[in-house]
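For reference, the chains in residue letters:
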Amino acid sequence: MASLMENLIDVLDQESGEYEALLGLCRKKTPVIVSGNLEELTRITDEEQTIAGRVNKLDHKRQETYADIANVINKDVKTLKLTDLIAMLEKRPSEQQKLAQTYDRLRAVVQEVKRVNEQNRILLQNALEMIEFDMNMLQSRNAAPEGANYNRGAYNTGEQLGVNFGGFDAKQ
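Thresholds, definitions, all that
Residues numbered from 1 in each chain as written. Predicted model: local features only at pLDDT ≥ 70, side-chain atom pairs only at ≥ 80, totals over all residues. Heavy atoms only, no water. Helix = DSSP H or I, 4+ residues; strand = E, 2+ residues; numbered from the N terminus. Contact = heavy atoms within 4.5 Å. Areas by Shrake-Rupley, 256 points an atom, 1.4 Å probe, with all protein chains shown as cover. Expected span 1.5 Å × (residues − 1). Buried < 20%, exposed > 50% of the residue type's maximum accessible area, 1.4 Å probe, protein only. Polar contact = N/O pair within 3.5 Å; in protein donor to acceptor, adjacent residues only side chain to side chain. pLDDT = per-residue confidence, 0-100. 1 Å grid on protein atoms, 1.4 Å probe; cavity = no way out; pocket = protein on both sides within 12 Å on 5 of 7 lines; lining within 4 Å. Points joined across faces, edges and corners; volume = space filled by probe spheres on them. Nonpolar A, V, L, I, M, F, W, Y, C, P; charged D, E, K, R; others polar. Salt bridge = Lys/Arg side-chain N within 4 Å of Asp/Glu carboxyl O. Core = buried A, V, L, I, M, F, W, Y, C linked by side-chain atoms within 4.5 Å.

### Overview of the overall build of the protein chain
At step 1: When you go through the protein chain residue by residue, the secondary structure sums to four helices and zero strands.
At step 2: For the protein chain, the sequential pattern of α-helices and β-strands runs α-α-α-α.
At step 3: Excluding contacts between residues fewer than 6 apart, the proportion of contacts in the protein chain whose partners are at least 24 apart in sequence is 56%.
At step 4: Counting every atom, the protein chain has about 12100 Å² of accessible surface; 52% of that belongs to carbon and sulfur.

Right under this line is the structure:
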């Protein structure tokens, strides 16, 4: 059982490290989103995918170790919680303390990743709304009504009201 607990603590510690690396990338992503640097955003997203793959492997390893522990203590793996396991270790205070600290560290970093990702999601949503607004403005430019401008031959010139077809203003 002791080696299983050590394995669980080790896997949780590795997961915490990967989530901390992921948190660093999430924090780097925020100013990149604001600046609109798509190349850097792509690079960061690729790194996140690499870390997510490692986290998935560690998660699978953690589930296997957790199932082994549940089998040894004759508990149902589906109902056994990590906090219950920490409470069961009261006769082994050093393992209990290590497991509790690792659990708290992992939980805190996962919550922070969630918070930063939500912030980045809102920033991306706002950027998409601005792009959609710009696209609508460009499309509505073509839908402006024709003016009543006539040339020398008394023909309508076909010019649209309030629309400059010169393209983008380079001064902006």
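### A few points about helix 2 (residues 38-72)
At step 1: Along its 35 residues, helix 2 runs 50 Å from first to last C-alpha, staying within 8% of the 51 Å computed at 1.5 Å per residue.
At step 2: Residues Leu41, Ile44, Glu48, Ile51, Val55, Leu58, Thr65, Tyr66, Ile69 and Ala70 constitute the buried set of helix 2.
At step 3: At the N-terminal end of helix 2, a side-chain oxygen is found 3.4 Å from the backbone nitrogen of glutamate 39, two or three residues along, and the residue is asparagine 37.

### Considering unusual backbone geometry
Most peptide bonds are trans, and most residues other than glycine sit at a negative phi.
At step 1: Notably, asparagine 74 is not glycine yet its phi reads approximately 60°, a positive angle.
At step 2: On the basis of relative accessible area, asparagine 74 is assigned to the exposed category, the value being 68%.

### Overview of the confidence of the model for the protein chain
In low-pLDDT segments, the atomic positions of the prediction should not be examined closely.
At step 1: Across the protein chain, pLDDT averages 85, with 80% of residues at or above 70.
At step 2: Element-level mean pLDDT values for the protein chain span from 89 in helix 3 (residues 82-88) up to 94 in helix 2.

### Observations regarding the layout of surface pockets
At step 1: Here the largest pocket is characterised by a volume of approximately 290 Å³.
At step 2: Residue lining of the largest pocket: 16 residues in total, with Leu12, Arg62, Tyr103, Leu106 and Val110 positioned closest to the centre.
At step 3: At the level of secondary structure, the elements contributing two or more residues to the lining of the largest pocket comprise helix 1 (2-35), helix 2 and helix 4 (93-141).
At step 4: Considering each element in turn, the lining of the largest pocket owes the most residues, six residues, to helix 4.
At step 5: In terms of residue class, the lining of the largest pocket is built from nine nonpolar, two polar and five charged.

### Digging into the pattern of salt bridges
At step 1: Tallied over the full model, the rule gives twelve salt bridges.
At step 2: Ionic pairing is found between glutamate 20 and arginine 105, a salt bridge with its closest N-O pair at 3.0 Å. Placement of the pair is glutamate 20 in helix 1 and arginine 105 in helix 4, with a sequence separation of 85 residues.
At step 3: Assessed through its relative accessible area of 30%, arginine 105 is described here as partly exposed.
At step 4: Close ionic contact of arginine 115 with glutamate 112 constitutes a salt bridge, the shortest N to O distance being 2.7 Å. Here the residue arginine 115 and the residue glutamate 112 both occupy positions in helix 4, the gap between them amounting to three residues, near one helical turn.
At step 5: Through salt bridges with shared partners, a single ionic network connects Asp13, Glu20 and Arg105.

### Topic: the nonpolar core
At step 1: One finds Leu8, Tyr19, Leu82, Leu85 and Leu99 to be the most contacted residues of the largest nonpolar core, which totals 30 residues.
At step 2: At the level of elements, helix 1, helix 2, helix 3 and helix 4 are the ones that each hand at least two residues to this core.
At step 3: Leucine 82 has contacts with Leu8, Leu12, Tyr66, Leu99 and Tyr103, leaving out every residue within four places of it along the chain.

### Some thoughts on the environment of valine 113
At step 1: Mapped onto the elements of the fold, valine 113 is located in helix 4.
At step 2: Classification of valine 113 as buried rests on a relative accessible area of 6%.
At step 3: For valine 113 and arginine 27, which are 86 residues apart along the polypeptide, the C-alpha to C-alpha distance reads 8.8 Å.
At step 4: When sequence neighbours within four positions are dropped, the list of residues in contact with valine 113 reads Tyr19, Leu22, Leu23 and Cys26.

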